[in-house]
Amino acid sequence: MAFKWELQTIKMVSIFYDGLYMICGLIAIILGAKVIGSLNNPQVSPQSTVYALAVALIIFGFIIFLVAAIGSFSVIRDSEKGLIVFGIALGALIILKIIVAIIVLAFINDAVAVSKNEIAKTFNQGEAGRDEIDNIQRSYECCGLTGTNFFVDSEGYLPKTCCSDEGNDCHVNRSYKIGCSEKVASVIEGMGTTIGLVLFGIAFFEIAGLILSVCLKNSWKNEIRREEFSSA
């Protein structure tokens, strides 16, 4: 009886952890989709960098959800083969998450530097890059390459995309104050850091699930051995 109770407890805890994994996967998918939906033109740099990070987040979310679903099904159906597949997939996913998190955190400064260079090239095009400039200022709520002094004329007026209300003339008194180079860099750095830390957190959290799957598999084997011994 004590062994049966121990086995059921491990199964319930495993299902609980799998449920949390599925929720984490859904949250990652929703956040990635929300970021993509907020972009006006994903093909325009630096929005393309943010778009790539959001897509990666959605892919990881889907994989997390799928692996968790396999784990839950295996535990509920008492499928030892399914549990083995779950353990292997979860172990591979943990390693992959840690590798990706390290890469993201290690190269985030390089991504910021590249984005700053791309933004500088865009703003230095002048009128030839007006559409891209407007998209950047509108999306990131910033003004000019380094601030309002990049555009402001003698009367203090700026491009309309430097203000939240584009229907009226934009004056420096009610415009966005932060420059786009600084704003985009902070967005990319913040998103990269968040994704890296979240991946690390989920990976270490999943280690507990991997340990539980090993314990559950061993418990099933012990139960089979006990039944064979008692029937002998």
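Description of the structure in this document. Counting from 1, residues in each chain are numbered in the order their sequence is written. Only residues with pLDDT of at least 70 are given local features in this predicted model, and only at 80 or more are side-chain atom pairs given and counted; all residues enter the totals for whole chains, interfaces and linings. Working from all heavy atoms in the structure, the side-chain values ignore hydrogens and water.

1. Quick look at the overall build of the chain
Step number 1: Of the regular secondary structure elements, the chain holds five helices and two strands.
Step number 2: Numbering goes from the N terminus for both helices and strands, where a helix is a DSSP run of H or I of at least four residues and a strand is a run of E of at least two. Ordered by position in the sequence, the α and β elements of the chain form the string α-α-α-α-β-β-α.
Step number 3: The buried label applies to any residue whose accessible area, calculated with a 1.4 Å probe on protein chains only, is under 20% of its type's maximum; exposed applies above 50%, and partly exposed to all values in between. In the chain, which comprises 232 residues, the share counted as buried stands at 39%.
Step number 4: Contacts in the chain between residues at least 24 apart in sequence constitute 69% of all its contacts with a sequence separation of at least 6.
Step number 5: Here the accessible surface of atoms and residues is derived via Shrake-Rupley with a 1.4 Å probe, and residues count as covered only by protein chains that are part of the display. Accessible surface, the chain as shown: approximately 12,700 Å² in total, 64% of it carbon and sulfur. Throughout, a residue-residue contact means that at least one pair of heavy atoms, one from each residue, lies within 4.5 Å.

2. Section: helix α4 (residues 130-140)
Step number 1: Those residues of α4 not exposed but buried are Arg130, Ile133, Asp134, Asn135, Ile136, Gln137 and Tyr140.
Step number 2: Just beyond α4, the residue with positive phi is Glu141, at close to 50°.

3. Considerations on the environment of Phe107
Step number 1: Note that Phe107 resides in helix α3 (residues 80-123).
Step number 2: Put simply, Phe107 and Gly192 are 85 residues apart on the chain and 9.2 Å apart in space, counted from C-alpha to C-alpha.

4. Observations concerning unusual backbone geometry
Step number 1: Located in the positive-phi region is Glu141, a residue other than glycine, with phi close to 50°.
Step number 2: Among the secondary structure elements, Glu141 is positioned in the loop between α4 and β1 (157-158).

5. Focus: the state of the cysteines
Step number 1: The rule for a disulfide is simple: a pair of cysteine sulfur atoms within 2.5 Å. Applying the stated rule across the entire model yields three disulfides.
Step number 2: Regarding the disulfides, the chain carries the connectivity 1-6, 2-3, 4-5 under sequence-order numbering of its bonded cysteines.

6. Describing the packing of aromatic side chains
Step number 1: When the centres of two rings from Phe, Tyr and Trp lie within 6.5 Å, Trp using its six-membered ring, the rings pair. Their planes under 30 degrees apart give stacked, over 60 give edge-to-face, and anything left gives tilted. Within this structure, the stated rule accounts for three aromatic pairs.
Step number 2: When the ring of Phe123 is compared with that of Phe150, the centres are 5.7 Å apart and the planes differ by 85°; the resulting orientation is edge-to-face. Separated by 27 residues along the polypeptide, Phe123 in helix α3 and Phe150 in the loop between α4 and β1 bring together distant segments of the chain.
Step number 3: Here Phe123 falls in the buried class, since its relative accessible area comes to 2%.

7. Here we look at a nonpolar patch on the surface
Step number 1: Patch membership needs two things, relative accessible area over 30% and no salt bridge, and members are linked within 9 Å if like-charged or within 5 Å if nonpolar (Val, Leu, Ile, Met, Phe, Trp, Tyr). Salt bridges are identified by distance alone: a Lys or Arg side-chain nitrogen within 4 Å of an Asp or Glu carboxyl oxygen. Together, Phe62, Leu66, Ile70 and Val85 line one region of the surface with nonpolar side chains, adding up to about 350 Å² of accessible area.
Step number 2: Here the nonpolar patch gets three residues from one element, more than from any other, and that element is helix α2 (residues 47-76).
Step number 3: You can see Leu66 is positioned in helix α2.
Step number 4: Assessed through its relative accessible area of 44%, Leu66 is described here as partly exposed.

8. Section: the side chain of Ser175
Step number 1: Locating Ser175 in the fold gives a position in the loop between β2 (170-171) and α5 (180-231).
Step number 2: Residues contacting Ser175, with those up to four places away along its chain left out, are Thr148, Leu158, Cys162, Cys163 and Cys170.

9. Quick notes on the pattern of salt bridges
Step number 1: If you walk through the whole model with that rule in mind, you get three salt bridges.
Step number 2: Of the charged contacts in the structure, one is a salt bridge between Arg130 and Asp134, with a shortest N-O distance of 3.7 Å. Residue Arg130 and its partner Asp134 are both found in helix α4; the two are separated by four residues, about one turn of the helix. For the pair Arg130 and Asp134, a shared accessibility class is recorded, and that class is buried.
Step number 3: Among the ionic pairs, Arg138 bridges to Glu166, the shortest N-O distance being 2.8 Å. Taken together, the residues Arg138 in helix α4 and Glu166 in the loop between β1 and β2 connect sequence positions 28 residues apart.
Step number 4: Of the residues examined, Arg138 reaches a relative accessible area of 34% and is grouped as partly exposed.
Step number 5: Glu166 gets classed as partly exposed once you look at its relative accessible area, which sits at 31%.
Step number 6: Overlapping salt bridges bring together Glu127, Arg130 and Asp134 as one network.

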